[in-house]
Amino acid sequence: MIQTLLDALSYGGLYGLAALGIGLVFGVMRLVNFAHGELIAIGAYLMIITIDLGLPLSILIAVAGTAALALLMELSVFKRLRLAGPSVLLIASFGVSIFLQRSYEIIFGALPISGQIAPWMSGVIEFGDTTITRGSILTIILALALLLGMRFLIESTTLGLQIRAASSDFQTARLLGVRSNYVIGAAFVFSGVLAAAVAFVLVTQRGSVDPLFGVNITILALVGTVIGGLGSLQGAALGGFAVGATISLLNSFLGNYRVYTYTWLFILVIIVLLMRPSGLISNKAYKERA
Amino acid sequence: MSLLSVRGLQAGYGKVQVLFNGHIEVEPGELVGIVGPNGAGKSTFLGALAGSVKPSSGSIEFQGTSIRGKKPEDIVRLGLALVPEGRAIFTDLTVNENLLLGLTGRRDKSGSAKAIAEVTELFPVLASHRGHQAGLLSGGQQQQLAIARALVSEPKLLMLDEPSLGLSPTIIQDVFGVLNKIQKLGTAIIVVEQRAHLIMSIASRTLVIREGHVRATLSREDAKDETKLAAAYFGAGADHE
């Protein structure tokens, strides 16, 4: 029972991180970035390839590399599409996503590469007659620390204030002097850092990485951002958490029938959206980027 | 040398041209009005000066250097600030956060605290609501916040797009009273207004824009002459220029 709850919390935290990464970029530039999954994948690749250097250095390389790729995406593709509409941005992000998947296939091969990242994460801790996995506890701590860290950054720093302003009304923010390229670049870098954190947790669970490594969680996290209310960062994290926790709970309650987990998940998603079409936390100041 | 000197400015949105011939001269510390019917191109004119609308031709010189085609975030740092139509305050942020955002456009960050103190002296109501969410303020208070937010960047030229929109007559008097004060402190001001009489009574000169052209420049004396105003506004008779 305790393990079930911890799993739900850790899954929720993980999906919350993925959704927040997507929500950050959506907030400042109204871009639904499908290529977020490929950021998660590169994080996992970098960790597996460099794990022989030791875990701390490997994580550092993965975080830096993922953030760099996120920034590169913005500078090489999205920056050139500033005046394009949301649909063009969306299609462009599909393009980036497919381009990166194929590139991974050419560079790393289509088959999964396996590697042991932090094997102690899969160990168990015993409390009397209940045992819980270390991984779920550490994932909860990691997710909580990152979510609180992001919250501090967004709520209490000048850059965070500029990101919030740009998310609600980009035009006016620029009129006040907020540098658009700087704020958008920062959002991409943060989404890259969050993607690397998601990659770390996923790769310790799965023990391998393939070109489509990040696709599944990205789609589900996107569902989370929609449920939470597009354009609201709090909503994105909360929606992602709800989706992750629900998947985990359904998996354990359905037992042998867990093939129906996603059926039930999307039934619940439909019900939520029927009741609250603009998401759990709707962003009243939703305005199109100019 | 004029503070702002604009000639033959053309601008629009995509293929739709709205402004065909915008020109204006503003001296340091001067208050200039711009009036004209709906859709005449007044907001586009201000937007082109502030950098939020891309001009297609013409020249904009601010303090002797060309600012045409510069980004809005760079133009505000040069000392030209716009309070957009509809106030555009960040309703989800607090009053204080709105003011802090205004500091982004300052070149000299050291005077930030002093600038905030000065605007809250000018708008005492903001001081008592600093921690409140800006969306909870009344329309008049929101307009004051929008002006204060632009002022903390200490612009040399402040541009306001229809500051009276949606405000009651007494509040409008207050807002315009504040504009007078700001001008006395040495800031030049351009005010776009639908209410021609209101602005003409405090502006040293008022431009009339119609169908994307600056059709006339009226002095404060002209404002008292209904026929001159009507002619400029509706296009009956010859242009004054």
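Computed from a predicted model, the values in this text were never measured in an experiment.

So, how was this worked out
- Residues numbered from 1 in each chain as written.
- Chains lettered and ligands numbered in written order.
- Predicted model: local features only at pLDDT ≥ 70, side-chain atom pairs only at ≥ 80, totals over all residues.
- Helix = DSSP H or I, 4+ residues; strand = E, 2+ residues; numbered from the N terminus.
- Rg over C-alpha atoms; globule rule 2.2 N^0.38 Å.
- Buried ≥ 20, exposed ≤ 12 C-beta atoms within 10 Å, placed from the backbone.
- Contact = placed C-beta atoms within 7 Å.
- Nonpolar A, V, L, I, M, F, W, Y, C, P; charged D, E, K, R; others polar.
- Core = buried A, V, L, I, M, F, W, Y, C linked by C-beta atoms within 7 Å.
- pLDDT = per-residue confidence, 0-100.
- Axes fitted to C-alpha atoms, helices over the stretch in contact; angles between N-to-C directions.
- Parallel < 35°, antiparallel > 145°, perpendicular 65-115°, else oblique.
- Left-handed = near helix turned anticlockwise from the far one by under 90°.

Student: Describe the overall build of chain A, naming the residues involved and giving the relevant values.
Tutor: Secondary structure summary: chain A contains 11 helices and 4 strands in total. Taken against the 2.2 N^0.38 rule, which gives 19 Å for 290 residues, the C-alpha radius of gyration of chain A at 19 Å falls within 12% of a compact globule. The buried share among the 290 residues of chain A stands at 50%.

Student: Go over the overall build of chain B, please, and point to the residues and values.
Tutor: From N to C terminus, chain B includes 10 helices and 10 strands. C-alpha extents for chain B along the principal axes are approximately 55 × 40 × 35 Å. Sequence separation of 24 or more characterises 67% of the internal contacts of chain B that already satisfy a separation of 6 or more.

Student: Describe the interface of chain A and chain B, with residues and values.
Tutor: In this assembly, 16 residues from chain A lie in contact with 21 residues from chain B. Elements with a minimum of two residues in the side of chain A that touches chain B: helix 6 (158-168) and helix 7 (170-175) of chain A. Here the side of chain A that touches chain B is built from residues that sort into 6 nonpolar, 6 polar and 4 charged.

Student: Residue-level account of the nonpolar core, with values.
Tutor: By size, the foremost hydrophobic cluster in this structure holds 165 residues, and its most contacted members are Ala44(A), Val198(A), Ala199(A) and Met159(B). Element by element, the count of residues in this core is highest for helix 8 (residues 180-206) of chain A, at 17 residues. Excluding its chain neighbours within four sequence positions, the residues that come into contact with Val198(A) are Leu14(A), Leu17(A), Ala18(A), Ile40(A) and Ile217(A).

Student: How would you explain the confidence of the model for chain A if you had to name every residue and give the values?
Tutor: Predicted confidence across chain A gives a mean pLDDT of 91, with 97% of residues reaching 70 or more. Segment residues 284-290 of chain A is flagged for pLDDT under 50; beyond a separation of four residues in sequence, or across chains, it makes 12 contacts in the model.

Student: Any details on the confidence of the model for chain B? Residues and values, ideally.
Tutor: For chain B, the average pLDDT comes to 90, and 98% of its residues sit at 70 or higher. Reported for the predicted complex are a pTM of 0.87 and an ipTM of 0.91.

Student: Quick one: what's the story with helix 3 (residues 95-102) of chain B, residue by residue and with numbers?
Tutor: Side chains of residues three or four places apart in an α-helix project in the same direction, reflecting 3.6 residues per turn. Buried residues dominate helix 3 of chain B, accounting for 7 of its 8 residues. For helix 3 of chain B, the full list of buried residues reads Val95(B), Glu97(B), Asn98(B), Leu99(B), Leu100(B), Leu101(B) and Gly102(B). On the buried face of helix 3 of chain B, the contacting elements are helix 6 of chain A together with helix 4 (112-122), helix 5 (124-128) and helix 6 (139-151) of chain B.

Student: I'd like a description of the packing of helix 2 (residues 36-50) of chain A against helix 9 (residues 215-228) of chain A, backed by residues and values.
Tutor: All names here are of chain A. Orientation of helix 2 relative to helix 9, taken along the N-to-C sense of each, is 140 degrees, at an axis distance of 8 Å. On the basis of the axis angle, helix 2 is oblique to helix 9. The interaxial crossing formed by helix 2 with helix 9 has right-handed handedness. Across from His36, Gly37 and Ile40 in helix 2, the residues of helix 9 making contact are Val215, Ile217 and Thr218.

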